[in-house]
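Inside the fold
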Amino acid sequence: MTDTVVERHAPKNKTDLFVSFTLLALQGFGGVFAVVQRELVEKKKWLTLDEFVEDWAVAQILPGPNVINLCIMIGSRHFGLLGAMTAVAGILTVPLVLILLLAAAFAGVADTATAQGMLRGMGAVSAGLIAATGIKLISALKNNPMGQWQCLGLAALTFVAIALLRLPLAWVLFSLGSLSCAWAWYCHGKLAHLKGTP
Amino acid sequence: MTLVLSWSDWLSLFVHFISLSLLAVGGAITTVPDIHRYLVDEQQWLSDAQFTSSIALAQGAPGPNVLCIALMGWNVGLNAGGGLAAGGTAVGMALMGVCITMVGILLPSATLTYAATTWAHRNRDMRAVKAFKSGMAPLVIALLIATGWLLTGDHEQPLRDWPMWALTATTTLIVWKTKTHLLVLLALGALLGGLGWI
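Residues numbered from 1 in each chain as written. Chains lettered and ligands numbered in written order. Predicted model: local features only at pLDDT ≥ 70, side-chain atom pairs only at ≥ 80, totals over all residues.

1. Remarks on the overall build of chain A
Rule in force here: Helix and strand assignments follow DSSP, with helices taken as H or I runs no shorter than four residues and strands as E runs no shorter than two, numbered in order from the N terminus. For the exposure call, what matters is how many other C-beta atoms sit within 10 Å of a residue's own: 20 or more marks it buried, 12 or fewer exposed, and in between partly exposed, using C-beta atoms placed from the backbone.
Each helix and strand counted, chain A has 7 helices and 0 strands in total. The secondary structure elements of chain A, listed N-terminal to C-terminal, are α-α-α-α-α-α-α. Counting only C-alpha atoms and orienting by the principal axes, one finds that chain A spans roughly 65 × 45 × 30 Å. Buried positions account for 50% of the 198 residues belonging to chain A.

Take a look at the structure:
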């Protein structure tokens, strides 16, 4: 949560990549997202908070499961196509085996009141995990060329559109997104001009 | 529930998931309504209960939420093989269902993500790439907070749902301000839910 120290590590090899993503997946109940931020940014420091926000933006905009997209991005950056495959295999294989065993063993149990209650409880907690991660990422907006307050305004508009007005995601991303990207394009141009590079 | 699937049925299952893959903007979860329409209403390869518990189990178990798709494939295969009681053949069919649905939903989007992000990484100093990343950052952060908000469940019945909201809000604060292990929080949520308190 600091912008002065940029300490960054990298996965040692593909085994490290596979094992790291497997361990990460096994901690992610009700979705892996909150764990990704804590493990990869706060503990392993494979990414800075700014890089994580940028990568997450891309992972979310592209079609497909967001966490899988993020695995492909991180894996391929370090070890190319094989790295991407290793990361995806890491996050999927063991959890897949586990969930099939669970499905076979507990067929029917999932419908009991206790099991439903537990799922509700874990659902409420994982909603909190995701929201908290979003709040932590706000500090990454400080370094955004559009300016912190303008970014917060855009974020507030998006929140209202999605959470309160329940507008369709694709519609919001396209309209607010293209506006925001056009503005960012302008700001990046101004920055480059100030630095004296074309 | 038992059924007979021909090779052309398996093929159309594969084609359906392939065609959904590139539509899954914002995660695999956004395609769930269409998968329900196809598997449960139209083809009747899956019962409503099997569909719902596939999603619930994937959310309760560790790993990415996209594994609910694997569970659906597993159940379609089991139904085609005559249920778990039928033994080896049924498990074989179920595993084939897992492969078909998972490869179908992941292959197109993963290929696109790999191609797009390696290109973007090579051209990361290009003004358009930078503008896209910084332009999308505030929207994506807001989307996370909105997801947390929407996941807390029904917002129409505050009298019934306030304990769930309180749990989500408390979790948000704890994750934001402390380094408490996420698994501890999830276990607490499961406990509170299992006891029927939320």
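Now that the structure has been shown, the text picks up again.
2. Considerations on the overall build of chain B
Applied cut-off: Think of it this way: build a C-beta for each residue from its backbone, and any pair within 7 Å is a contact.
Looking only at helices and strands, one finds 8 helices and 0 strands in chain B. The C-alpha extent of chain B, read off along each of the three principal axes, is 55 × 55 × 30 Å. In chain B, buried positions account for 47% of the 198 residues. For chain B, contacts bridging at least 24 residues in sequence account for 52% of all contacts bridging at least 6.

3. A word on the packing of helix α6 (residues 148-164) of chain A against helix α7 (residues 169-195) of chain A
All names here are of chain A. Threshold: Each axis is a line fitted through C-alpha atoms, taken for helices only over the stretch in contact, and angles between the N-to-C directions span 0 to 180 degrees. To sort the angles, those under 35 degrees are grouped as roughly parallel, those over 145 as roughly antiparallel, those from 65 to 115 as roughly perpendicular, and the leftovers as oblique. The hand of a helix crossing depends on one turn: near helix anticlockwise from the far one by less than a right angle means left-handed, and clockwise means right-handed.
The geometry of α6 relative to α7 is characterised by a closest axis approach of 10 Å and an angle of 165° between their N-to-C directions. The pairing of α6 with α7 is recorded here as roughly antiparallel in orientation. For α6 against α7, the interelement crossing comes out right-handed. Contacts between α6 and α7 involve L154, L157, T158, A161 and I162 from the first element and L169, V172, L176 and S180 from the second.

4. Digging into unusual backbone geometry
Backbone geometry places R166 of chain A, a non-glycine residue, at a positive phi of 55°. Positionally, R166 of chain A belongs in the loop between α6 and α7. In this structure, Q44 of chain B takes a positive phi of about 55° despite not being glycine. Along the chain, the position of Q44 of chain B falls in the loop between α2 (32-42) and α3 (48-60).

5. Looking at the environment of F159 of chain A
Of note, F159 of chain A is situated in helix α6. By C-beta crowding, F159 of chain A is classed as buried, having 21 other C-beta atoms within 10 Å. Along the sequence, F159 of chain A and I138 of chain A sit 21 residues apart, while their C-alpha atoms lie 13 Å from each other. Every residue in contact with F159 of chain A, bar those within four places of it in the chain, is listed here: A142, I145 and A146 of chain B.

6. Side note on the domain arrangement of chain B
Rule in force here: An automatic or database domain assignment supplies the start and end points of every domain.
If you check the domain split of chain B, you get domain 1 (7-117) and domain 2 (127-194). Each of domain 1 of chain B and domain 2 of chain B has a C-alpha centre, and these two points are 27 Å apart.

7. Notes on the interface of chain B and chain A
Facing 82 residues of chain B, the contacting portion of chain A comprises 92 residues. Where the side of chain B that touches chain A is concerned, the elements lending two or more residues are α3, α4 (67-81), α5 (88-122), α6 (127-151), α7 (158-177) and α8 (182-194) of chain B. The leading source of residues in the side of chain B that touches chain A is α6 of chain B, at 24 residues.

8. Focus on the environment of G77 of chain B
Along the chain, G77 of chain B falls in helix α4. With residues up to four places along the chain from it excluded, the contact list for G77 of chain B reads M93, A94, L95, M96 and G97 of chain B.

9. Section: the packing of helix α3 (residues 49-61) of chain A against helix α4 (residues 66-105) of chain A
Residues and elements named next belong to chain A. What counts is decided by this rule: Classification used: nonpolar for Ala, Val, Leu, Ile, Met, Phe, Trp, Tyr, Cys and Pro, charged for Asp, Glu, Lys and Arg, polar for all others including Gly.
The N-to-C vectors of α3 and α4 enclose an angle of 125°; their axes lie 8 Å apart at closest approach. With respect to α4, the axis of α3 lies oblique. As for the relative orientation of α3 and α4, their crossing is right-handed in sense. Along its contact with α3, which presents D55, W56, V58, A59 and Q60, the element α4 presents N66, N69, L70 and M73. Across the contact of α3 with α4, the residue classes break down as 5 nonpolar, 3 polar and 1 charged.

10. Thoughts on the confidence of the model for chain B
To keep things clear, this is the line we draw: Scored from 0 to 100, pLDDT reflects the predictor's confidence in each residue.
Residues of chain B with pLDDT of at least 70 account for 96%, and the chain-wide mean is 86. Interface confidence in the predicted complex, given as ipTM, is 0.82; pTM for the same model is 0.81.

11. Here we look at the nonpolar core
Note the threshold: Among buried residues, those of type Ala, Val, Leu, Ile, Met, Phe, Trp, Tyr and Cys that are joined through C-beta atoms within 7 Å form a set called a nonpolar core.
C71 and I91 of chain A together with L71 of chain B are the most contacted members of the largest nonpolar core, which has 117 residues in total. Take this core: its biggest share by element is 15 residues, from α4 of chain A. Residue contacts for C71 of chain A: discarding those within four places in its chain leaves F21, A87, V88 and I91 of chain A.

12. Concerning α4 of chain B
All names here are of chain B. Heads up, the rule is: A helix's residues, less one, multiplied by 1.5 Å, set its expected span.
The terminal C-alpha atoms of α4 lie 21 Å apart, and with 15 residues this matches the ideal 21 Å at 1.5 Å per residue to within 8%. Burial analysis of α4 places 15 of its 15 residues in the buried class, which makes it a mostly covered element. Just downstream of α4, G82 is the residue with a positive phi angle, here 95°.

13. Digging into the environment of Q50 of chain B
All names here are of chain B. Turning to its location among the elements, Q50 is positioned in helix α3. Residue Q50 is classed as buried on the basis of its C-beta count, with 22 C-beta atoms lying within 10 Å. The sequence separation of Q50 and L150 amounts to 100 residues, and the corresponding C-alpha distance is 24 Å.

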